[in-house]
Amino acid sequence: MDDKRAIKVSKYLSRHLRHQPERIGLTLDAQGWVDIDDLLRATAAQGFALTRDELDHVVAANDKRRFTVDGDRIRANQGHTVPVDLGLPPAEPPAYLYHGTVGHALSSIRAEGLRPMDRHHVHLSPDRETATRVGARRGSPVVLSVDSGAMHRAGHTFHVSANGVWLTDTVPPEFLRLPG
Ligand code: HQG
């Protein structure tokens, strides 16, 4: 499979395993899983034919390890907008985590901190390079440092997804270091 097709399949899977399963007649279970045969039947019915081998290739080769296959089922590792409980245990974060955003969001972030917006959690990266890539999806990236150690000591809960994204409910402004 060429890279272009793999990206297209990954985007298609993200859309339907995180945001709009009902669009192709799928229902995620409470933990976000769907039966792979049901998924392949649904995609074929939509004219987006995908084989099990192609699916396994995209899951294994995905740059961000966005999906987990467990036997007959698959789910997205994070990033949902539909209600799911991934069942991730609380985890102790490193002293600092990073968030990539763009300049026009800064005044609002300075006032109210980081909010999950449409997702279930604020997504934080373990390093500046990853955060820079996340911010660059929206424009010229700005990277904020998050004092996650202090947040943890103050009682905020963190989870880490199967692909290394750190998740928390909100980041109040006093735990953020903004540029400028
Ligand atoms: C911003 C991708 C104004 C926030 C990435 C971001 C990530 C605020 C946007 C994952 C704000 C939300 C998540 C506030 C937050 N005022 N703007 N108070 N609080 N924002 O896409 O973190 O490729 O929901 O800075 O790589 O950008 O999909 O979150 O710009 O891991 O696997 O509101 O999505 O992963 O945007 O990205 P998003 P995100 P995938």
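Reading the values: the criteria
Residues numbered from 1 in each chain as written. Predicted model: local features only at pLDDT ≥ 70, side-chain atom pairs only at ≥ 80, totals over all residues. Heavy atoms only, no water. Near = heavy atom within 4 Å. Polar contact = N/O pair within 3.5 Å; in protein donor to acceptor, adjacent residues only side chain to side chain. Areas by Shrake-Rupley, 256 points an atom, 1.4 Å probe, with all protein chains shown as cover. Helix = DSSP H or I, 4+ residues; strand = E, 2+ residues; numbered from the N terminus. Nonpolar A, V, L, I, M, F, W, Y, C, P; charged D, E, K, R; others polar. Domains from an automatic or database assignment. Axes fitted to C-alpha atoms, helices over the stretch in contact; angles between N-to-C directions. Parallel < 35°, antiparallel > 145°, perpendicular 65-115°, else oblique. Contact = heavy atoms within 4.5 Å. Buried < 20%, exposed > 50% of the residue type's maximum accessible area, 1.4 Å probe, protein only. Arc of directions from axis to C-beta.

## Points about the site of the ligand
Stage number 1. Taken together, 18 residues surround the ligand, and among them Arg 18, Lys 64, His 99, Ser 108 and Arg 138 come closest.
Stage number 2. Taking Arg 137, its side chain carries an N or O atom lying 2.9 Å from an oxygen atom of the ligand.
Stage number 3. Out of a free accessible area of 780 Å², the ligand has 87% covered by protein chains.
Stage number 4. Among the secondary structure elements, those contributing two or more residues to the shell around the ligand are β4 (97-102) and α4 (106-112).
Stage number 5. Here the shell around the ligand gets three residues from one element, more than from any other, and that element is α4.
Stage number 6. A breakdown of the residues in the shell around the ligand according to their chemical character gives five nonpolar, five polar and eight charged.
Stage number 7. Each of domain 1 (3-76) and domain 2 (97-177) accounts for three or more of the residues forming the shell around the ligand.

## Concerning the packing of helix α1 (residues 3-19) against helix α3 (residues 52-61)
Stage number 1. Their axes nearest at 10 Å, the elements α1 and α3 cross at an angle of 90 degrees. Judged by the angle between their axes, α1 and α3 are roughly perpendicular. Along the contact surface, α1 presents Arg 5, Ala 6, Val 9, Ser 10 and Leu 13, while α3 presents Glu 54, Leu 55 and Val 58.
Stage number 2. Counted by class, the contact of α1 with α3 contains five nonpolar, one polar and two charged residues.

## Focus: α3
Within an α-helix, residues lying three or four positions from one another point in the same direction, as the helix has 3.6 residues per turn.
Stage number 1. Within α3, the full set of buried residues consists of Leu 55, Val 58 and Val 59. Projected down its long axis, α3 shows its buried positions confined to an angular sector of 100 degrees, all on one face. With respect to the buried face of α3, the exposed residues turned more than 90 degrees away are Asp 53 and Ala 60.
Stage number 2. On the buried face of α3, the contacting elements are α1, α2 (36-45), β2 (67-70) and β3 (73-76).

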